[in-house]
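What the coordinates show
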Amino acid sequence: MRYPGNSVNSPSEETSGAAGLASDELSFAQLWRNRAPLRHKADEVETWNKRIAETPNNYGPSAYSLAFLELAKLDADDTVFDMGCGAGTLAIPCALAGHQVTAADFSDGMLAQLKANMPEHGVTESAIRPIKLSWEDDWQAADVARKSHDVAFASRSIITDDLEGSIKKLTNTARKKVCITVVPGCSPRCHAGMLQDIGLTPTGHQDASFAFAVAQELGLLPEVRYIASERCEAFATPEAAFVKYRAMLSLTRENPRGASLDAAESRMKEWLQCNLEQVPASSLDAKTRASIVPRSKESAGRNSCGSNSLPGSTQVARTSATSPAATNAPACAPRAAEPETLVAPTVSASTDANAEALVWIPKKKRMVTWAFLSWNAPDALL
């Protein structure tokens, strides 16, 4: 590939250290490594351990799993290596379909939840082999031999500082095929619809473009398809939604500061007032109930009207048609005291103590698009 003549940087600046390249060629693998310090850093293992401890039911099989496996098109007797397996998003449905799975993750918390999820879904211990492993580890030393599995997965987990090295490791593990998912657009941490509605532009990610280009540089022929998945979201209070969404303002090209930040927050409050609706927790599916964001500590001790209002707003609490609350109730009608924190339910709605608690959900769902890349694994090692 020829280096674009109107680029700000020279080829030598972008490809320094890339061996074997002509002076006017561009190495996407080296470009990715050079730009690693500028990207959002991947969460540390402690972060994932904390997340799974707080919301254990939010990381299992889902509609996303079904879409991924439909695109993967596994043969009946394929063995699967699932890198970054989490709590079993892909490993569990693969095992239920009769595949032998090696499920790898660097988080002890995720692996523990995977083991807990297996019997709940009717998966035997012999169907999935969990191992603790990171992208930087020596995989062979961890008993993951080269060409040891038919198919290798990396679902939302392959974006590392050395993308080329990660693609090589995954490809060398597979005998037949590799399937990965990466972000083609804005961060999955964003509610793109909300940001666009208030006049901000979500920061773009080029992960899919780089993954495709690096795979091609390695002589692979990746195919690309897309998965649109809904990010489950519910809140104990409107204030909890405000706090979570406010953090998204920094993930925009405008990255507002000072007066512009105040203006953006004001527009976001108006958006929340129009888009949040109150429903019983029992009306939500289990995965959405597991996503409930608790009220913040700052709101503890406030009366009902205060705790269900956005900071600095005069919002009148609204309920949906399915809510048992009276539609003509005064804005600050007295209500029974609520607990300081709404714990994510872990049992069925019929026995869930929080099943009739009222929670808040956005009318405009938070959608995330993933690029599904797949390629055939070569016979020779990369």
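The preceding data block contains the structure.
The following paragraphs examine the structure supplied in this document. (Residues numbered from 1 in each chain as written. Predicted model: local features only at pLDDT ≥ 70, side-chain atom pairs only at ≥ 80, totals over all residues. Heavy atoms only, no water.)

1. As for the environment of Pro378
Structurally, Pro378 can be placed in the segment after β11 (366-376). Exposure remark for Pro378: the relative accessible area of 27% places this residue in the partly exposed category. Other than its neighbours up to four places away in sequence, Pro378 contacts Lys147, Thr171 and Leu220. (Helix = DSSP H or I, 4+ residues; strand = E, 2+ residues; numbered from the N terminus. Buried < 20%, exposed > 50% of the residue type's maximum accessible area, 1.4 Å probe, protein only. Contact = heavy atoms within 4.5 Å.)

2. Remarks on the sheet that holds strand β4 (residues 149-155)
Here 7 strands make up an open sheet; going across it, the order is β3-β2-β1-β4-β5-β11-β6 and the pairing mixed. The two strands at the open ends of the sheet, each matched to only one other strand, are β3 (128-132) and β6 (223-231). Across the sheet, the axes of successive neighbouring strands diverge by a mean angle of 20 degrees, strand direction being ignored. Along the sheet, helix α9 (residues 207-217) contacts β5 (174-182), β6 and β11; its crossing angle with β11, the most-contacted strand, is approximately 0 degrees. (Pairing = 2+ DSSP bridges. Axes fitted to C-alpha atoms, helices over the stretch in contact; angles between N-to-C directions.)

3. Thoughts on the nonpolar core
Judged by nonpolar contacts, the single largest core of 35 residues is most densely connected at Phe81, Ile158, Leu170 and Ile180. With 6 residues, α9 is the single largest residue contributor to this core. If we ignore the near neighbours within four places in the chain, the residues touching Ile158 are Trp135, Leu163, Ser166, Ile167, Leu170, Ile180 and Val182. (Core = buried A, V, L, I, M, F, W, Y, C linked by side-chain atoms within 4.5 Å.)

4. Here we look at the packing of aromatic side chains
Under the counting rule described, the total for this entry stands at 10 aromatic pairs. Between the aromatic rings of Phe235 and Tyr245, the centroid separation amounts to 5.6 Å while the plane-to-plane angle is 85 degrees, which identifies the pairing as edge-to-face. Of this pair, Phe235 sits in strand β7 (residues 234-235) while Tyr245 sits in helix α10 (residues 238-246), placing them 10 residues apart in sequence. Members of the aromatic cluster, each reached through a chain of ring pairs, are Tyr64, Phe68, Phe153, Trp370 and Phe372. Over the ring of Tyr64 we find Arg156; its NZ or CZ atom is 3.8 Å from the centre of that ring. (Phe/Tyr/Trp six-rings, centres within 6.5 Å; stacked < 30°, edge-to-face > 60°. Lys NZ or Arg CZ within 6 Å of the ring centre and 35° of its normal.)

5. Focus on the packing of α10 against helix α11 (residues 258-275)
Packed helices, taken two at a time, are described by their axes: the angle between them and the distance between them. Between α10 and α11, whose axes approach to 11 Å, the crossing angle comes to 135 degrees. Looking at the two axes, α10 sits oblique to α11. Handedness of the α10/α11 crossing: right-handed. Listed contacts from α11 to Ala241, Phe242, Tyr245 and Arg246 of α10 are Glu265, Met268, Lys269, Trp271 and Leu272. Of the residues belonging to the contact of α10 with α11, the class tally is 6 nonpolar, no polar and 3 charged. (Parallel < 35°, antiparallel > 145°, perpendicular 65-115°, else oblique. Left-handed = near helix turned anticlockwise from the far one by under 90°. Nonpolar A, V, L, I, M, F, W, Y, C, P; charged D, E, K, R; others polar.)

6. Some words on the packing of helix α7 (residues 163-173) against α9
Orientation of α7 relative to α9, taken along the N-to-C sense of each, is 65 degrees, at an axis distance of 10 Å. Relative to α9, the crossing made by α7 is right-handed. Taken together, the residues of α9 that come into contact with α7 (itself represented by Leu163, Glu164 and Ile167) are Phe210, Ala211, Val214 and Ala215. Taken together, the residues that form the contact of α7 with α9 break down as 6 nonpolar, no polar and 1 charged.

7. Points about the pattern of salt bridges
Throughout the structure, instances matching the rule amount to 10 salt bridges. The salt bridge partner of Lys176 is Asp75, with a shortest N-O separation of 2.7 Å. Of this pair, Lys176 sits in strand β5 while Asp75 sits in the loop between α4 (63-72) and β1 (80-83), and the two are 101 residues apart along the sequence. According to the relative accessible area criterion, Lys176 is partly exposed, its value standing at 32%. In this structure, Asp150 engages Arg175 in a salt bridge whose closest nitrogen and oxygen atoms are separated by 3.2 Å. (Salt bridge = Lys/Arg side-chain N within 4 Å of Asp/Glu carboxyl O.)

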